[in-house]
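Below, each chain spelled out in residue letters.
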Amino acid sequence: MLWRGSQALRLFSTGQVYFKNKLKLALIGQSLFGQEVYHHLCKEGHRVVGVFTVPDKDGKADPLALAAEKDGTPVFKFPRWRVKGKTIKEVAEAYKSVGAELNVLPFCTQFIPMDIIDSPKHGSIIYHPSILPRHRGASAINWTLIMGDKKAGFSVFWADDGLDTGPILLQRSCDIEPNDTVDALYNRFLFPEGIKAMVEAVQLIADGKAPRIPQPEEGATYEGIQKKENAEISWDQSAEVLHNWIRGHDKVPGAWTEINGQMVTFYGSSLLKSSVPPGEPLEIKGAKKPGLVTKNGLVLFGNDGKALMVRNLQFEDGRMIPASQYFSAGETSVVELTAEEVKVAETIKVIWAGILSNVPVIEDSTDFFKSGASSMDVVRLVEEIRQKCGGLQLQNEDVYMATKFEDFIQKVVRKLRGEDQEVELVVDYVSKEVNEMIVKMPYQCFINGEFTDADDGKTYDTINPTDGSTICKVSYASLVDVDKAVAAAKDAFEKGEWGRMNARERGRLMYRLADLLEENQEELATIEALDSGAVYTLALKTHIGMSVQTFRYFAGWCDKIQGSTIPINQARPNHNLTFTRKEPLGVCAIIIPWNYPLMMLAWKSAACLAAGNTLVLKPAQVTPLTALKFAELSVKAGFPKGVINIIPGSGGIAGQRLSEHPDIRKLGFTGSTAIGKQIMKSCAVSNLKKVSLELGGKSPLIIFNDCELDKAVRMGMGAVFFNKGENCIAAGRLFVEESIHDEFVTRVVEEIKKMKIGDPLDRSTDHGPQNHQAHLEKLLQYCEAGVKEGATLVYGGRQVHRPGFFMEPTVFTDVEDHMYLAKEESFGPIMVISKFQNGDIDGVLQRANNTEYGLASGVFTRDISKAMYVSEKLEAGTVFVNTYNKTDVAAPFGGVKQSGFGK
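Residues numbered from 1 in each chain as written. Predicted model: local features only at pLDDT ≥ 70, side-chain atom pairs only at ≥ 80, totals over all residues. Heavy atoms only, no water.

> Explain the overall build of the protein chain here, please?
Summing up its helical and strand segments, the protein chain has 26 helices and 37 strands in all. In the protein chain, buried positions account for 55% of the 903 residues. Considering only contacts within the protein chain whose residues lie at least 6 apart along the sequence, 70% involve residues at least 24 apart. Accessible area of the protein chain: about 39300 Å², with a carbon and sulfur share of 50%. Counting 103 positive and 113 negative side-chain charges, the protein chain places the averaged centre of each group 1 Å from the other. (Helix = DSSP H or I, 4+ residues; strand = E, 2+ residues; numbered from the N terminus. Buried < 20%, exposed > 50% of the residue type's maximum accessible area, 1.4 Å probe, protein only. Contact = heavy atoms within 4.5 Å. Areas by Shrake-Rupley, 256 points an atom, 1.4 Å probe, with all protein chains shown as cover. Lys, Arg positive; Asp, Glu negative; His and termini not counted. Charge placed at Lys NZ, Arg CZ, Asp CG, Glu CD.)

> It is not clear to me how the confidence of the model for the protein chain should be interpreted in this structure. Could you clarify?
A low pLDDT means the predicted coordinates there should not be read in detail. Model confidence for the protein chain is summarised by a mean pLDDT of 90, while 96% of its residues fall at 70 or above. Scored below 50 in pLDDT, residues 1–19 makes 57 contacts in the model with residues more than four places away or belonging to other chains. (pLDDT = per-residue confidence, 0-100.)

> Even after reading the chapter, I still don't get the side chain of Ser547, so can you show me in this structure?
Examined against the element boundaries, Ser547 turns out to sit in helix 16 (residues 536–557). In this structure the side chain of Ser547 is engaged in a polar contact, spanning 3.5 Å, whose partner is the backbone nitrogen of Met599. Aside from chain neighbours lying at most four places away, what touches Ser547 is Leu517, Thr542, Leu598, Met599 and Ala602. (Polar contact = N/O pair within 3.5 Å; in protein donor to acceptor, adjacent residues only side chain to side chain.)

> Sorry, what's going on with the packing of aromatic side chains here?
Each aromatic ring pair is summarised here by two numbers: the centre-to-centre distance and the angle between the ring planes. Here the structure, examined in full by the defined rule, presents 29 aromatic pairs. When the ring of Phe551 is compared with that of Phe630, the centres are 5.6 Å apart and the planes differ by 40°; the resulting orientation is tilted. Taken together, the residues Phe551 in helix 16 and Phe630 in helix 18 (residues 625–637) connect sequence positions 79 residues apart. Like Phe630, Phe551 is buried. Members of the aromatic cluster, connected to one another through ring pairs, are Phe33, Tyr127, Phe154, Tyr186, Phe189 and Phe191. Above the plane of the ring of Trp158 lies Arg212, whose end atom (NZ or CZ) is 3.7 Å from the centre. Here Arg802 stacks its cationic end above the ring of Phe806, 4.3 Å away from the centre of that ring. (Phe/Tyr/Trp six-rings, centres within 6.5 Å; stacked < 30°, edge-to-face > 60°. Lys NZ or Arg CZ within 6 Å of the ring centre and 35° of its normal.)

> Looking at this structure, how should I read the domain arrangement of the protein chain?
A common way to state how big an interface is: give the accessible area lost once the parts meet. According to the domain assignment, the protein chain contains domain 1 (24–207), domain 2 (228–325), domain 3 (339–417), domain 4 (444–455 + 476–561 + 582–694) and domain 5 (700–901). On a C-alpha basis, the centres of domain 2 and domain 4 stand 36 Å from each other. At the surface where domain 2 touches domain 4, the tally comes to one salt bridge. Taking the shortest distance from any N to any O, the salt bridge between Lys295 and Glu505 comes out at 3.8 Å. Counting every contact that joins domain 2 to domain 4 gives zero residue pairs in polar contact (both at pLDDT 80 or more). Across the side of domain 2 that touches domain 4, the residue classes tally to no nonpolar, two polar and two charged. (Domains from an automatic or database assignment. Salt bridge = Lys/Arg side-chain N within 4 Å of Asp/Glu carboxyl O. Nonpolar A, V, L, I, M, F, W, Y, C, P; charged D, E, K, R; others polar.)

> I would appreciate a short explanation of the sheet that holds strand 32 (residues 792–795) in the present structure.
Whenever strands of a sheet pair, they do so through backbone hydrogen bonds, lying parallel or antiparallel. If you walk across this open sheet you meet the seven strands as 32-33-34-31-30-35-36, and the pairing is mixed. Looking along the sheet, the strands with just one partner apiece sit at the ends: strand 32 and strand 36 (878–881). Strand after strand, the sheet turns through a mean of 25° between neighbouring axes, direction not considered. Direction of pairing for strand 33 (residues 810–813) relative to strand 34 (residues 830–836): parallel, over a ladder of three bridges. (Pairing = 2+ DSSP bridges. Axes fitted to C-alpha atoms, helices over the stretch in contact; angles between N-to-C directions.)

> Sorry, what's going on with the state of the cysteines here?
Simply put, disulfide is the name for a covalent bond between the sulfur atoms of two cysteines. Scanning the model with the defined rule gives zero disulfides in all. Cys445 supplies the cysteine sulfur nearest to Cys472, a cysteine that is in no disulfide, at a spacing of 13 Å. Taking the relative accessible area as the measure of exposure, Cys472 reaches 6% and is therefore buried. Considering cysteine sulfurs only, Cys588 is the nearest to Cys608, which forms no disulfide, with 3.9 Å between them. (Disulfide = S-S within 2.5 Å.)

> Sorry, what's going on with the nonpolar core here?
Side chains that are nonpolar tend, in soluble globular proteins, to be buried together. By size, the foremost hydrophobic cluster in this structure holds 98 residues, and its most contacted members are Met510, Phe551, Phe639, Ile703, Leu734, Phe744 and Met831. Each of two domains, domain 4 (444–455 + 476–561 + 582–694) and domain 5 (700–901), supplies a minimum of three residues to this core. By size, the runner-up hydrophobic cluster in this structure holds 42 residues, among which are Val51, Val104, Cys174 and Ile205. (Core = buried A, V, L, I, M, F, W, Y, C linked by side-chain atoms within 4.5 Å.)

> Sorry, what's going on with the packing of helix 21 (residues 709–721) against helix 22 (residues 738–754) here?
Axis angle and axis distance: for two packed helices, these are the angle between their axes and the distance between the axes, and together they describe the pair. As a packed pair, helix 21 and helix 22 sit with axes 10 Å apart at the nearest point and diverge in direction by 60°. Taken together, the axis directions place helix 21 and helix 22 in an arrangement best described as oblique. When the axes of helix 21 and helix 22 are compared, the crossing they make is right-handed. Across the interface between the two elements, Leu709, Asp710, Ala712, Val713, Met717 and Phe721 from helix 21 touch Ile740, Glu743, Phe744, Arg747, Val748, Glu751 and Ile752 from helix 22. (Parallel < 35°, antiparallel > 145°, perpendicular 65-115°, else oblique. Left-handed = near helix turned anticlockwise from the far one by under 90°.)

> Would you explain a negative patch on the surface in this entry?
Where like charges cluster on the molecular surface, the negative patch consists of Glu363, Asp364, Glu406 and Asp407. By the element assignment, Asp407 lies in helix 11 (residues 405–416). Relative accessible area serves as the criterion here: at 39%, Asp407 is assigned to the partly exposed category. (Patch = residues over 30% accessible without salt bridge, like charges linked within 9 Å, V, L, I, M, F, W, Y side chains within 5 Å.)

Here it is, written out as structure tokens:
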């Protein structure tokens, strides 16, 4: 039966398995798909006794015929099988001479008579690229997309005398991505999985286990062949319907419209979820609103006010251009070739001649497609150039955009010189179906705008703290990777587009990135929950929500960073002018912790980028995944290569190299005080680079007996247990006035018992797992130390008996100033309570300040004078009054003493 879709070569291997039962097969059809089915059936031990395919076209044999002839398999090339409804006698005799037990039709454009279909012992099976009975007919893949189906797939069915109506042998399905095209579906699923399914179907028949499931008539549809004349776009529809129509015709036959009196075909459609970028209007016949030619493509509008973007345009003469170049399509200059480039051009001419064997001489004006080339030849051309021209990697679209030999060589030369930089980001995802969605997680280093394996190929496991399972393997950056990332950032700052970009354009990119973070917030929050154990609802509001706010806030600062003029003594009469100019530093290194992976990234990188710096960021080794997803979104936002680089790995290797690197001008670090001291020393010894440090804390929270107790209990619990206690400003020690101490403790324990501990993706969960196993073990040791020193363990102190790294919310009382619990940060869900005498304000202040840390603090009282006095005396970067954890991107944040410096 007929179906359409461009064929692209897919190479994969399967283990060689030999079954007991084998069949003699006749393969009827053509194409690369047929060729691969042939190879795999032979590999599995079946005997192909005959291949029946189409005659040579322009002197070129079909790929299936080429493969069979090479193996010595009998090949028959019939232009037709019947005349006036009757089977041609000579054709039937030739077919019956091979003695096939089963006909296999992987892809066939010819009509095969029923006496041939029914002739073998086992009949005939056909591959069809839809989930039958839906989309019977020749353009099944096209209609799957045109109709906006959420699932695609294929069927292997038993041939009968109907049109794709025979009983089902097996079916497979896949999800359709929002911007899938016919090619994308075919290459990702229908081609590779279809080959496997055809082999599986044949073996099921050989083993006598193949089902025959009648097709239901309910849900059955039949759509005709889509041809160019009926692929015109009807504009009075929603953006999604327009998008489906365009992608459903990409590449064959191509959805088109009329622009300036000529037919223009659209390719590469995607729904535009962000704000519409600026561009130049383009009138389109029938469209109520003009399109916009932008630097990313042609924006089109549906009747619902929503938009889509088209990447490529093709004119009536076959010429294809990026849609962004519509108004400058005729301005391309001719480049003069070097001696080395001439050699490449000659090699490519030989490749063209091999493919276009019917063309006597390849001239500059020779058109690839008008000379008889097909989509299969595009794949061959790209692969041969890669093999014979030093690994030069072209895309199929490069051929469609330069169909004449002279234009094609010009495009190749520009690619060789690096002038053609509009290459789509390639991301090798790890995908997981979780939280009612499919999350796609990059796992490689992100250096100079590309995802790449670590230089030495090393990886490590990142663990899901909910159950201890491995999420995926992540690239483990080496010293070489760090140096590459710094070099890319330095080049982007000194020579790249970023260094020349005006401040307002910088802000536009940051606003766009904030929009993308918001559009992908559910996926990002899900990844954060998987990788760090953050409760999903908290991740959505805080981890991701504050990241969005941070980028929007600093995007607004980009064009408001100003210097000043300074009046000096010599200003008159010599007319001297003195002014200051605030300039970016250059390459900045950022090392972030694991408690708020994305939010910490945003807090540090947004300000860095707003000022015009480039950056190399090392996420915490145990939580790299949202940082790598952020890297992907930064490319979609339009950030130039090298501006943002992400290197997952260890602090001892990657982090230490960043602190020592001579090309880094500033380093921002959040983590422990001990590591902060080591980093500061390395930064000083190496090149005296600037440093910002946000380090450990033991934040005191003082609760007076005149407070609003309900609020103090609620806020006090949040001060300790927020984000599982993995919070840099968490209240490390609570001082509760003696007269309310016992009631406060009782109420806290009552509230803890109401907390639900469990899966962070469960919307009703209050308390998720600790970030990683080593941290959980440290917290348990912390509790053991408290008990040994004589503190009273009122509640918790143990690991929860379930898979994963769960810790009970814990309460200690009777904690004396000399104890380990009073001095050291737990960084976990452990409330440390000390009693102070009624009315002893100065005494409790002295105890609260008796620490080398000073990140945050808090006080609860109804007495405003007392609140102001206490907040003035507390030695901390932040003082919360009758609240806690209320941070905002507009407010300075940082510590004093050994909690670090820099806001």
